[in-house]
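The primary structure of each chain is shown beneath.
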Amino acid sequence: MAEVVKMPKMSDTMTEGVLAKWHKKVGDKVKPGDVLAEIETDKATMDFESYQEGTLLYIGIKEGEAAPVDSVIAVVGAEGEDYKAALAGSADAKPAEAAPAPVEDKKPAATPAPAAPKVDLSKIPATVIRMPALSDTMTEGVINKWNFKVGDKVKSDDSLADVETDKATMEVVGYEDGTLLYIGPKEGEAAPVNGIIAIVGKEGTDITPLLQDTGAAPAATTEAAPAVAEAAPSAPVAEAAPSSADDSRVKASPLARKIAKHKGINLNDLKGSAEGGRIVKKDIESYTPAAKPASAPAAASAEAAAPAKAAAPVVIPQYVGQEKFTEKPVSQMRKVIAKRLSESLFTAPHFYVTMSIDMDQAIAARTKINEVAPVKISFNDFVLKACAVALKQHPNINSSWLGDKIRYNEHINIGVAVAVEDGLLVPVVRFADGKSLSQISVEVKDFAQRAKAKKLQPADWEGSTFTISNLGMFGVDEFTAIINPPDACILAVSGIQQVPVVKNGAVVPGNVMKVTLSCDHRVVDGATGSAFLLTLKSLLEEPVRLLV
């Protein structure tokens, strides 16, 4: 008997899934444990295994399409079996064939124009490549660079393009062998998640039905491979040789290409050390350009242009300035930062509590610890550990506003704001209260390095219950931070300042650090925030308590 296969719920927050790729086609035999498809959730792309045995009789959604959880995506049964009864028994199934209901009209009906024959898209030897969801907050991606052009032969593991998301620049793989027949968005242009960005298939294939089926007919400026070659011009035109300055076709990672562009290095001058001669970051960093000979005529002209000493009295010339500016498109990361922090500031009623902490004992303890510790401990590591211990004693601070309820988190996951070139990332130190200062130090340093190299994964920045933003290394005296949703609080940590303080009735030199706690007043009250800071202050002023 035929059985329907439904979209599984693969994560706690998943409401729908995108069919990234079918591994079986209608008519194939399947058995329990076979991978039917790859399903893209809000967290990752996962293999979906069959629990049935039989023949794949029906596929409900195409690759790249989304379907809600528990909706029918396929039917498995005996070969030749009528699967329509199984579809009819499922309320959410789309009928395989549905004739439109007749509409009554008393007026004489016009003779309908003959309908164009419907093209079976599954018979077209081409595959649509869509913009993947490369992070949980991504709604669109910008094509940073195309690594191939229309007409090029591509393999299933080739990186078709580098896509800039709100978190990082990542590679998009085509997963198909064939010819690149179509390119949608140009370099620098954005495309929504699941929007068509390319088509790969058999050379000469007519891809018009694929574009029309998804409402993405090519614009006048869109690149597409024609099915028929254009007539040659009457006079032969010599093909221009590629410029040695053009390194766009050199195989290199997105990070290596970005560093090379920043340093003004032509990738043609390097030899890659990765597989297939691909250039990576270390090749750029170890490259030493050959010295260029100085231009004698330029030096002579510069000398000739030097002004002669004026014998007349000094006259200050009038300076005429020129107004100019540079505009750059907003990056995906900056768009999401702007959206999320605006929502946080204008939705959550913030209030701020500031406290000064005597860091003399923390400075002495850090010096002693670093004499024996396997890794160097920073003041940020002290603050993070102290916050973790204090959060255990003040669970209201370690909470989240969920609209109709407040979640009091019993686990302590602390987000650490890390500045990167395009904005800010907040990787999460999980279960920080159970980790030593050395463990915290190693983890935070690793996060910082991977954040700057754009190597963080979605799992690294999800699930914080409290956040720390530290600008002490910049010598900042005091600042406030915007809450990182869904956390209820964020701690702004300033620099340690050498100031005169009163101890035992005498004014002596001291080391003081100011911290400011931003609180969501829907969850935390002033007394609760102040009590948390008092506990944090006592832990940092007597850091031996952190080691117990």
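Just so we're clear, the structure is a prediction, and the values are computed from it rather than from any experiment. (Residues numbered from 1 in each chain as written. Predicted model: local features only at pLDDT ≥ 70, side-chain atom pairs only at ≥ 80, totals over all residues. Heavy atoms only, no water.)

Thoughts on the overall build of the protein
In terms of regular secondary structure, the protein is built from eleven helices and 27 strands. Here the protein holds 548 residues, and the buried ones make up 42% of them. A sequence separation of at least 24 residues applies to 60% of the contacts in the protein between residues at least 6 apart. Accessible surface, the protein as shown: approximately 32,200 Å² in total, 56% of it carbon and sulfur. (Helix = DSSP H or I, 4+ residues; strand = E, 2+ residues; numbered from the N terminus. Buried < 20%, exposed > 50% of the residue type's maximum accessible area, 1.4 Å probe, protein only. Contact = heavy atoms within 4.5 Å. Areas by Shrake-Rupley, 256 points an atom, 1.4 Å probe, with all protein chains shown as cover.)

Regarding the sheet that holds strand β13 (residues 169-173)
Here four strands make up an open sheet; going across it, the order is β13-β12-β10-β15 and the pairing antiparallel. Two strands in the sheet have a free side with no partner beyond their single neighbour: β13 and β15 (190-192). The mean inter-strand angle of the sheet, taken between neighbouring strand axes irrespective of direction, is 40°. With four bridges connecting them, strand β10 (residues 140-146) and strand β12 (residues 159-164) associate as antiparallel partners. By the bridge assignment, Ile 143 is partnered in β12 with Val 163. (Pairing = 2+ DSSP bridges. Axes fitted to C-alpha atoms, helices over the stretch in contact; angles between N-to-C directions.)

Observations regarding the sheet that holds strand β5 (residues 45-49)
What the four strands build is an open sheet, ordered β5-β4-β2-β7; its pairing is antiparallel. The two strands at the open ends of the sheet, each matched to only one other strand, are β5 and β7 (66-68). Across the sheet, the axes of successive neighbouring strands diverge by a mean angle of 40°, strand direction being ignored. The pairing of strand β4 (residues 35-40) with β5 spans five bridges and is antiparallel.

Considerations on a nonpolar patch on the surface
A cluster of nonpolar side chains, contributed by Leu 345, Phe 346, Tyr 352 and Ile 482, occupies part of the molecular surface with about 400 Å² of accessible area. Here Leu 345 shows up in helix α6 (residues 332-347). (Patch = residues over 30% accessible without salt bridge, like charges linked within 9 Å, V, L, I, M, F, W, Y side chains within 5 Å. Salt bridge = Lys/Arg side-chain N within 4 Å of Asp/Glu carboxyl O.)

Considering helix α11 (residues 526-541)
Helix length check: α11, at 16 residues, gives a terminal C-alpha distance of 22 Å against a target of 22 Å (1.5 Å per residue), a fit within 8%. Those residues of α11 lying buried are Gly 529, Phe 532, Leu 533, Thr 535, Leu 536, Leu 539 and Leu 540. For α11, the angular spread of the buried residues around the axis is 160°, confining them to a single face. Facing away from the buried side of α11 by more than 90 degrees, the exposed set consists of Ala 527 and Leu 534. Of the surrounding elements, those touching the buried residues of α11 are β18 (350-358), α7 (360-372), α8 (379-393), β25 (466-470), β26 (489-503) and β27 (506-520). (Expected span 1.5 Å × (residues − 1). Arc of directions from axis to C-beta.)

Examining the pairing of β26
Residues in a regular strand point their side chains to alternate faces of the sheet. Taken together, the four bridges between β25 and β26 define a ladder with parallel strand orientation. In the sheet register, Asn 470 faces β26, and the bridge partner there is Val 493. Relative to β27, β26 runs antiparallel, the two being bridged by 13 bridges. Its bridge partner lying in β27, Ile 490 is registered against Ser 518.

Digging into the packing of aromatic side chains
Counted according to the given criterion, the structure contains two aromatic pairs. The cationic tip of Arg 366 hangs over the ring face of Phe 379; the distance from NZ or CZ to the ring centre is 4.6 Å. (Phe/Tyr/Trp six-rings, centres within 6.5 Å; stacked < 30°, edge-to-face > 60°. Lys NZ or Arg CZ within 6 Å of the ring centre and 35° of its normal.)

A few points about the nonpolar core
Core analysis: the largest hydrophobic core is formed by 54 residues, its most contacted members being Ile 414, Phe 466 and Leu 491. Sorting elements by how many residues they give to this core places α8 first, with eight residues. Each residue touching Ile 414, except ones within four places of it in the same chain, is listed here: Leu 384, Cys 387, Ala 388, Leu 391, Pro 427, Val 428, Val 429, Ala 432, Phe 466 and Ile 468. Counting 21 residues, the second largest nonpolar core, distinct from the first, contains Ile 129, Leu 134, Val 172 and Ile 183. (Core = buried A, V, L, I, M, F, W, Y, C linked by side-chain atoms within 4.5 Å.)

Examining the packing of α8 against α11
Contact pair α8 / α11: the axes reach a minimum separation of 9 Å and the direction vectors enclose 135°. The angle between α8 and α11 places the two elements in the oblique class. In the crossing of α8 with α11, the sense of the turn from one axis to the other is right-handed. On the side of α8, the interface is formed by Phe 382, Val 383, Ala 386, Cys 387, Val 389, Ala 390, Leu 391 and Gln 393, while α11 contributes Phe 532, Thr 535, Leu 536, Leu 539 and Leu 540. (Parallel < 35°, antiparallel > 145°, perpendicular 65-115°, else oblique. Left-handed = near helix turned anticlockwise from the far one by under 90°.)

What about the environment of Val 499?
Tracing the backbone shows Val 499 in strand β26. If near-sequence neighbours (up to four positions away) are discounted, Val 499 is found in contact with Val 508, Pro 509, Gly 510 and Val 512.

A look at the environment of Leu 425
With respect to the secondary-structure elements, Leu 425 resides in strand β23 (residues 423-425). When the C-alpha positions of Leu 425 and Lys 167 are compared, they lie 7.5 Å apart, and in sequence the two are 258 residues distant. Ignoring anything within four residues of it in the chain, the contact list for Leu 425 reads Lys 167, Met 333, Val 416, Ala 417, Val 418, Val 420, Ala 451 and Leu 456.

Regarding the state of the cysteines
Overall, the coordinates contain zero disulfides when judged by the stated rule. Summary of cysteine pairing: Cys 489 is not part of a disulfide, and the nearest cysteine sulfur, belonging to Cys 519, is at 3.9 Å. (Disulfide = S-S within 2.5 Å.)

Overview of α7
Each α-helix turn comprises 3.6 residues. Residues three or four places apart therefore point the same way. Inspection of α7 places Asp 360, Ala 362, Ala 365, Ile 369 and Asn 370 among the buried residues, and these make up the whole buried set. Buried residues along α7 sit in contact with β18, α8, α9 (437-452), β26, β27 and α11.

Some remarks on the confidence of the model for the protein
On average, residues of the protein score 81 in pLDDT, and 83% of them reach the 70 mark or higher. This stretch, residues 215-243, has a pLDDT under 50; its non-local contacts, to residues over four places away or in other chains, come to 20 contacts. (pLDDT = per-residue confidence, 0-100.)

A few points about the side chain of Asn 147
Turning to its location among the elements, Asn 147 is positioned in the loop between β10 and β11 (153-154). Here Ser 159 takes part through its backbone oxygen, which lies 3.1 Å from a polar atom of the side chain of Asn 147. Among residues more than four places away in sequence, those in contact with Asn 147 are Ser 159, Leu 160, Ala 161, Asp 162 and Arg 249. (Polar contact = N/O pair within 3.5 Å; in protein donor to acceptor, adjacent residues only side chain to side chain.)

What about the pattern of salt bridges?
Counted by the stated rule, this structure contains 18 salt bridges. Close ionic contact of Lys 153 with Glu 203 constitutes a salt bridge, the shortest N to O distance being 3.0 Å. Here the residue Lys 153 occupies a position in strand β11, and Glu 203 occupies one in the loop between β16 (196-201) and α2 (208-213), the gap between them amounting to 50 residues. Of the two residues examined, Lys 153 and Glu 203, each falls in the exposed class. We note a salt bridge from Arg 450 to Asp 460, for which the minimum N-O separation is 3.0 Å. Residue Arg 450 is found in helix α9, and its partner Asp 460 is found in helix α10 (residues 458-461); the two are separated by ten residues along the sequence. Looking at Arg 450, the relative accessible area reads 24%, which means it is partly exposed.

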